[in-house]
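Now for the letters of each chain:
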Amino acid sequence: MAIEADFACPACGREVLAADLAAAATLPCPCGAAAPRFPGSLEGDRLLRCALCGDPRLYRQKDFSRRVGIGLLVAGFAVAVALGVWIGPSGFFGALLVSVALDTLLWLIAGEVVVCHWCEAHFREAAGTFPEFDLEVHDLVRYQREVAAKGQRVPEHEGEAAPAGGPALHPTRYDG
Ligand SMILES: [Zn+2]
Ligand SMILES: [Zn+2]
């Protein structure tokens with residue numbers, strides 16, 4: 001199965017989708033920029049490090065959009081209030097219960113997605129074992145990104161020196 005990647009374009013920040021990571025030598029964006037796929041990031045369909053920024057610190061999480069989940073709850077609450085006015089308390093609690101149940105169901109059936117701690121690129125259908133989200137790593141990466149934003153090297157991020165003539169290994173444009 002093809003690994004699907006979605007990530008923020010290093011040039012314009014727009015969200016870009018690459019449907020088949022293994023087949024893509026570059027990760028092109030409609031803005032014209034094409035980030036090269038990080039050398040050595042893939043081994044067959046196994047993801048060894050982030051294909052965009054090369055950071056090996058990846059974690060897995062439920063492939064569930066928190067925005068969709070919250071949107072559903074807010075919409076459910078609005079419907080509940082309306083039904084509460086028309087039908088009374090049973091309508092209110094009924095609608096609320098349905099929206100919470102739907103939300104839970106969506107969460108339960110959601111698959112898993114692999115996320116890069118550094119650039120937050122998402123990878124679906126990537127083989128390999130990845131740890132769960134780790135707040136300590138997350139905080140460390142955030143600190144290292146600040147260091148990198150000042151133009152200093154972060155060896156833990158790169159693993160090795162930047163290839164000569166290659167792109168900068170510290171994307172710093174993901175914050176905006
Ligand atoms: Zn772009
Ligand atoms: Zn990354």
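Higher on the page you've got the structure.
It should be emphasised that the depicted structure is a prediction, and the values quoted were computed from it without experimental measurement.

(A) Main features of the nonpolar core. Grouped together as the largest cluster of nonpolar side chains are 26 residues, with contacts concentrated most on A5, F7, C50, L52, C116, C119 and A121. When contributions to this core are tallied by element, the ones reaching two or more residues are β1 (4–8), β2 (15–18) and β8 (112–116). Setting aside residues no more than four positions away along its own chain, F7 makes contact with V16, L27, L52, C119, A121 and H122.

(B) Main features of the packing of helix α1 (residues 66–86) against helix α2 (residues 89–109). At a minimum axis distance of 6 Å, the contact between α1 and α2 shows a crossing angle of 165 degrees. Taken together, the axes of α1 and α2 are roughly antiparallel relative to one another. Like other packed secondary-structure pairs, α1 and α2 cross with a definite hand, here right-handed. Only P89, G91, F92, A95, L96, V98, S99, L102, D103, L106 and W107 of α2 make contact with α1, whose side of the interface consists of G69, L72, L73, G76, F77, V79, A80, V81, L83, G84 and W86. Class assignment for the residues of the contact of α1 with α2 results in 16 nonpolar, five polar and one charged.

(C) Representation of the sheet that holds strand β9 (residues 122–124) within the structure. Pairing is antiparallel across the open sheet formed by five strands, whose spatial order is β2-β1-β9-β8-β7. Edge positions in the open sheet fall to β2 and β7 (58–62), since each of these has one partner strand only. Looking at each pair of strands side by side, their axes are set apart by 25 degrees on average, direction ignored. Pairing between β7 and β8: five bridges, direction antiparallel. In the strand pairing of β8, R60 is matched with V114.

(D) Broad picture of the pairing of β1. As judged from the three bridges shared by β1 and β9, these two strands associate in the antiparallel manner. In the sheet register, D6 faces β9, and the bridge partner there is H122. Inspection of the sheet shows β1 paired to β2 by four bridges, in the antiparallel sense. By the bridge assignment, F7 is partnered in β2 with V16. Here β1 hands over to β2 after six residues, with G13 in that stretch at a positive phi of 85 degrees.

Parameters and conventions
Residues numbered from 1 in each chain as written. Chains lettered and ligands numbered in written order. Predicted model: local features only at pLDDT ≥ 70, side-chain atom pairs only at ≥ 80, totals over all residues. Core = buried A, V, L, I, M, F, W, Y, C linked by C-beta atoms within 7 Å. Buried ≥ 20, exposed ≤ 12 C-beta atoms within 10 Å, placed from the backbone. Helix = DSSP H or I, 4+ residues; strand = E, 2+ residues; numbered from the N terminus. Contact = placed C-beta atoms within 7 Å. Axes fitted to C-alpha atoms, helices over the stretch in contact; angles between N-to-C directions. Parallel < 35°, antiparallel > 145°, perpendicular 65-115°, else oblique. Left-handed = near helix turned anticlockwise from the far one by under 90°. Nonpolar A, V, L, I, M, F, W, Y, C, P; charged D, E, K, R; others polar. Pairing = 2+ DSSP bridges.

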